[in-house]
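Next come the chains, spelled out residue by residue.
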Amino acid sequence: MSLDGVRINQDRLWRDLMDMAKIGATPKGGVARLALTELDRRARDLFVSWCREAGCELRVDRIGNIFARRAGLDVDRPPVMTGSHLDTQPLGGKFDGIYGVLAGLEIIRTLNEARIDTLAPIDVVVWTDEEGARFGGGTIGSSTFVGRYDVETGLGRRDNDGITVGEALAAIGYAGDAPVGGYPVEAFFEVHIEQGPILEREGVPIGVVLGAQGARYFRVVVDGEEGHAGTLPMELRHDALLGAARMIDALNGVAFRHAPHPVITVGQIQVRPNSRNTIPGQAVFSIDSRHPDNRTLAAIERDMRAACEEIARKAGLAVAIEPVSQRDSIAFDRGCAAAVARAADALDLPWQEIYSGAGHDACNLSLVAPTGMIFVPCEDGVSHNERENARPEDIAAGCDVLLHAMVERASIA
Ligand code: GLV
Ligand code: MN
Ligand code: MN
C-alpha cells in the first residue's frame, strides 16, 4: 500500500477545529467545555455526525468513550487506534485534545478519498473526561478502558455538586452499553500540541514523544472553626483559609527544594462557609504534583505532607491529605516512536525526541498496547489558556505524520 503523495487536507482539518471551537467559545478566543455537560454533548454529537458522513461504524461504551471505526480488510485484526479528548479546562483552548480527535477523523477521510485499504481497522476514539477539571482525577475514560479501576468506580466519581459520572453520562445521552476495554489494541497513537515551549523554540515541527512524567493528585481538607469576623480576636482564631494559604506557599517551596524538575500546582480551592464576615471554618484545595522520576515523586509527597501537617499543628487546625489519583512516569513503545520518526522522515519533516510534561490518554493506553505520541508546536508554549494557538501548517504536519505512522502499522501483514 503506497502513501506516496497522499496528504491530509489542511484546510478541512483547520475548519473542523474552528467549527468545534464554537461549542463553548469564550470571549477571548478560548473554549470552556467541561466534561459531560450539555456543551460536551453538542461536541460529541457533531463529531458523531462527521464520522457517520465518513462512513464509520460507531460504538459508545459504558463509560461514554466513543469509538468510530473504519473497517480493515482482515476481520480478525485488532484495531490500530488514535484519539484524544473533546472536553476542555474551564478556560481552555481550541486544540488541547480536540486536535487529536479531529486529526483521527481527517485521516479516515483522507484514506476514503485515496481509496486506501488497511488490513487492521482504524479506530478514532473520544475518551471521556481527560481533563479532570470537573470530576477530579482526569483521564476517566482511558483509565477505565485499560483497567486502572473498574467501571463502577469510574461511573461513581462525583463533581463538586455531587453529580456522578454515570448520572452526567445519562443526562447527555452518552451512557453507552458496549463493554469497556477488555480486548486487544494493536497500537495506539495520539497527536497533541506540545503545551510547552521546546519545539517552537527549536523551530522543529514534529516531536517524537518518548515518555511522560508521573503525577500525584491530592485533595486537601483543612478544618478550623467558624467565628464572627468582628468579634473574635486574632489570637483566638482557627482560620482554615489562612492555614490553607500558608500551606500553598509551603508547597511552592517544596517544588523549589526539589528543583529543577518538579512542578506543584494548587489550582482549586473552596472555602466554607464562604461569607465575608465569617472566619472560614473549612478550606478544601487541590494539589497537582509531577516529576519525571517516580521515587522523587514519592519523596515530594512526604515533604508536602510534612509541610502541611506542621502548619496545621502550629495553627491549631486539622488537615487531611487525600490521594485522588496518581500516574507513574511512563516510557512509550520504542517501535511506535520509530514509526513516528520514519513517518516524519518520509514526509521530509524535521523531528526531535521529546518528553511530555502533561498527562495524556496515551499514558494509560501504554499500559495495554504499544503506544506512541506526536507533538506539534503551539504558540509561546501556552496551553490550558484561552489564548492557546497553533499554526495550520504545523497542525497539518502532525496529522500527516499520524496518517503515515498509523497506515504503516495497520498494513503490516
Ligand atoms: C492534562 O491536561 C494534564 O493535566 O496533564
Ligand atoms: Mn490534552
Ligand atoms: Mn489539558
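Residues numbered from 1 in each chain as written. Chains lettered and ligands numbered in written order. Predicted model: local features only at pLDDT ≥ 70, side-chain atom pairs only at ≥ 80, totals over all residues. Heavy atoms only, no water.

Further remarks concern the site of ligand 1. What surrounds ligand 1 is the set Glu 130, Glu 131, Arg 290, Ala 358, Gly 359 and His 384. At 2.6 Å from an oxygen atom of ligand 1 is found a side-chain nitrogen or oxygen belonging to Arg 290. Within the backbone of Gly 359, a nitrogen or oxygen atom sits 2.6 Å from an oxygen atom of ligand 1. Taken together, the residues of the shell around ligand 1 sort by class into one nonpolar, two polar and three charged. (Near = heavy atom within 4 Å. Polar contact = N/O pair within 3.5 Å; in protein donor to acceptor, adjacent residues only side chain to side chain. Nonpolar A, V, L, I, M, F, W, Y, C, P; charged D, E, K, R; others polar.)

What follows deals with the packing of aromatic side chains. Counted according to the given criterion, the structure contains six aromatic pairs. Seen in terms of ring centroids, Phe 67 and Phe 145 are 5.8 Å apart; in terms of plane orientation they differ by 35°. Their pairing is tilted. With Phe 67 in strand β2 (residues 66–70) and Phe 145 in helix α4 (residues 140–145), the pair connects residues that are 78 residues apart, well separated along the chain. Among the aromatic residues, those joined into a ring-pair cluster are Phe 67, Trp 127, Phe 145, Tyr 183 and Phe 188. Seen from the ring of Tyr 174, Arg 44 lies directly overhead, with NZ or CZ sitting 5.0 Å from the centre. Directly above the aromatic system of Phe 67 lies the positively charged group of Arg 59, at a separation of 4.7 Å from the ring centroid. (Phe/Tyr/Trp six-rings, centres within 6.5 Å; stacked < 30°, edge-to-face > 60°. Helix = DSSP H or I, 4+ residues; strand = E, 2+ residues; numbered from the N terminus. Lys NZ or Arg CZ within 6 Å of the ring centre and 35° of its normal.)

Let us look at the coordination of the manganese ion (ligand 2). A four-donor tetrahedral metal ideally has 109.5 degree angles, and a six-donor octahedral metal ideally has angles of 90 or 180 degrees. The protein atoms that coordinate the manganese ion (ligand 2) are His 85 (NE2), Asp 96 (OD) and His 192 (NE2), at distances of 2.0 to 2.3 Å. Sequence spacing of the donors to the manganese ion (ligand 2): H-x10-D-x95-H. Taken as a pair, the manganese ion (ligand 2) and the manganese ion (ligand 3) lie 3.7 Å from each other and share Asp 96 as a ligand. With Asp 96 in the loop between β3 (80–84) and α3 (98–114) and His 192 in strand β5 (residues 187–193), the pair connects residues that are 96 residues apart, well separated along the chain. (Donors = N, O, S within 2.8 Å, 3.2 Å for Na, K, Ca; no water.)

Moving on, we get to the side chain of Thr 164. Its location among the elements puts Thr 164 in the loop between α5 (151–156) and α6 (165–172). Accessibility expressed as a relative area gives 9% for Thr 164, which makes it buried. There is a polar contact of 3.0 Å between the side chain of Thr 164 and the backbone nitrogen of Glu 167. Once residues lying within four places of it in the same chain are set aside, the contact partners of Thr 164 are Phe 135, Leu 155, Gly 156, Arg 157 and Arg 158. (Buried < 20%, exposed > 50% of the residue type's maximum accessible area, 1.4 Å probe, protein only. Contact = heavy atoms within 4.5 Å.)

Before going further, it helps to spend a moment on helix α1 (residues 10–20). All of the buried residues along α1 are Arg 12, Leu 13, Asp 16, Leu 17 and Met 20. Projected down its long axis, α1 carries its buried residues within an arc of 135°, all on one side. Here the buried face of α1 lies against α2 (38–53), α3 and α12 (392–411). Between the side-chain oxygen at the start of α1 and the backbone nitrogen of Asp 11 there is a gap of 3.1 Å, and the oxygen is on Asn 9. (Arc of directions from axis to C-beta.)

At this site the manganese ion (ligand 3) is bound by Asp 96 (OD), Glu 131 (OE), Glu 131 (OE) and His 384 (NE2), with donor distances of 2.1 to 2.5 Å. When the donor residues of the manganese ion (ligand 3) are listed from N- to C-terminus, their spacing reads D-x34-E-x252-H.

Given a rise of 1.5 Å per residue, 20 residues ought to cover 28 Å, and the 28 Å separating the end C-alpha atoms of α12 matches this to within 8%. Of all 20 residues in α12, 15 are buried; the element is thus mostly enclosed. (Expected span 1.5 Å × (residues − 1).)

Generally, phi is negative for residues other than glycine and the peptide bonds are trans, each holding for most cases. The residue after Arg 272, namely Pro 273, is reached through a cis peptide bond having omega 0°. As for its position among the elements, Pro 273 is in the loop between β10 (269–272) and β11 (278–279). Here Asn 274, not a glycine, exhibits a phi torsion of approximately 65°, which is positive. Note on placement: Asn 274 falls in the loop between β10 and β11.

Turning to the packing of α1 against α3, a few remarks are in order. For the pair α1 and α3, interaxial distance at closest approach is 10 Å and the crossing angle is 140°. With respect to their mutual orientation, α1 and α3 come out oblique. The way α1 lies across α3 gives a crossing that is right-handed. Residues Arg 12, Leu 13, Asp 16, Leu 17 and Met 20 of α1 pack against Ile 98, Tyr 99, Leu 102, Ala 103, Leu 105, Glu 106, Arg 109, Thr 110 and Glu 113 of α3. (Axes fitted to C-alpha atoms, helices over the stretch in contact; angles between N-to-C directions. Parallel < 35°, antiparallel > 145°, perpendicular 65-115°, else oblique. Left-handed = near helix turned anticlockwise from the far one by under 90°.)

The next subject is the side chain of Gln 195. Mapped onto the secondary structure, Gln 195 falls in the loop between β5 and α7 (198–202). Its relative accessible area of 19% is what places Gln 195 among the buried residues. One polar contact links Gln 195 to Asp 96, side chain to side chain, over a distance of 3.2 Å. Filtering out sequence-adjacent residues up to four positions away, Gln 195 remains in contact with Asp 96, Ala 358, His 360, Cys 378, Gly 381, Ser 383 and His 384.

Shape is all these values report; function is a separate question.
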